[in-house]
Amino acid sequence: MKSSRWQQFICFCMGIFLISTLYACQPQEVAESSTSPVATPVQKTAPTTDTRPIAFLDRQLSTNPAELPPLPYGYNALEKAIDAETMKLHHDRHHAAYVNNLNNALKKHTELQNRSVEALLRDLNSVPEDIRTTVRNNGGGHLNHTIFWQIMSPEGGGQPTGEIAQEINQTFGSFEEFRKQFNQAGGDRFGSGWVWLVRNPQGQLQIVSTPNQDSPIMEGSYPIMGNDVWEHAYYLRYQNRRADYLNNWWDVVNWTEINRRAQASQQNNS
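Residues numbered from 1 in each chain as written. Predicted model: local features only at pLDDT ≥ 70, side-chain atom pairs only at ≥ 80, totals over all residues. Heavy atoms only, no water.

A.B. asks: Could you clarify how one ought to interpret the sheet that holds strand β3 (residues 222-228) in this entry?
C.D. replies: Pairing between sheet strands relies on hydrogen bonds along the backbone, with the strands arranged either parallel or antiparallel. If you walk across this open sheet you meet the three strands as β2-β1-β3, and the pairing is antiparallel. Both edges of this open sheet fall to β2 (205-211) and β3, since each of them pairs with a single strand only. Direction aside, the axes of adjacent strands within the sheet are offset by 25 degrees on average. Note that strand β1 (residues 193-199) and β2 share seven bridges and pair antiparallel. Among the inter-strand pairings, W196 is bridged to a residue of β2, identified as V208. (Pairing = 2+ DSSP bridges. Helix = DSSP H or I, 4+ residues; strand = E, 2+ residues; numbered from the N terminus. Axes fitted to C-alpha atoms, helices over the stretch in contact; angles between N-to-C directions.)

A.B. asks: Could you clarify how one ought to interpret the environment of M152 in this entry?
C.D. replies: By secondary structure assignment, the location of M152 is in the loop between α4 (129-150) and α5 (162-172). Exposure remark for M152: the relative accessible area of 2% places this residue in the buried category. Residues M152 and N227 lie 75 residues apart in sequence; the distance between their C-alpha atoms is 9.7 Å. For M152, the residues in contact, after removing those within four places along its chain, are Y73, L78, I82, W249, V252 and N254. (Buried < 20%, exposed > 50% of the residue type's maximum accessible area, 1.4 Å probe, protein only. Contact = heavy atoms within 4.5 Å.)

A.B. asks: Looking at this model, I keep getting lost on the packing of aromatic side chains. Mind explaining?
C.D. replies: In this description, an aromatic ring pair is defined by two values, namely the gap between the centres and the angle between the planes. As enumerated under the stated definition, the model contains 16 aromatic pairs in all. Ring centres of F148 and W194 lie 5.5 Å apart, and the angle between their planes is 90 degrees; this geometry places the pair in the edge-to-face category. One end of the pair, F148, is in helix α4; the other, W194, is in strand β1, and 46 residues separate them in sequence. By the burial criterion, F148 is buried, and W194 matches it. Relative to Y235, the ring of Y234 lies with its centre 6.4 Å away and its plane at 50 degrees, an arrangement referred to as tilted. A relative accessible area of 3% means that Y234 is categorised as buried. Every member of this aromatic cluster is reached through a ring pair, and the members are F172, F175, F178, F182, W249, W250 and W255. Of note, R59 hangs over the ring of F56, and the distance from its end group to the ring centre comes to 4.2 Å. (Phe/Tyr/Trp six-rings, centres within 6.5 Å; stacked < 30°, edge-to-face > 60°. Lys NZ or Arg CZ within 6 Å of the ring centre and 35° of its normal.)

Nothing here speaks to function; it is all geometry.
In structure tokens form, the structure reads like this:
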């Protein structure tokens, strides 16, 4: 009797073991996670450094040493818009002062003299703090004025021609509308500064205004044309009538040079 009960107990235990084993072997349902999968971060490639020349289309503006470029015409060549005395003072005094101040600043850090003006302005944070503001103001003044002399001509004026004419019409609707917006931006610049047509980092034409001698390249844009609205650029003839100066300035705009600059501005945006 005892043997029979013992056998029954063993059979019962074996049954429980077999049932547990069979259940464990069945595929189990897995609950879905309540969190979304995290994407593996992708390492971003560092942007390519923009090394395009700005002042001259065939070379960058040297700082070893910086040199005052000669005017490409006589002092009285732009009388349609700017008088000879203003041109003389503007080039020989103001621009020359920017060049001299830049060279004097770089004497303190001669290691910077192997870099162009464009390179210094594009990366001002790399310029030592004790001369950073001087480089910003005077390097910018040297660059801006070097462009300014080139985009004016005694044979200038009239309607834009070539590719820049087409692009102005596509962007602004017409040359008249572009001119209106450009003059408005120049007139609205409080104090001293510049008004520019640039190609922005997105590859689009854009009118911008910069204070003092700041260059658009500091914001990653390529200056195609610009007008100086510092008082020293117009005050002898126009006194406080900046709007008259802005209107007359179009009579000396060098569209041939501006077309070349517009094409150069597309180099890193094609």
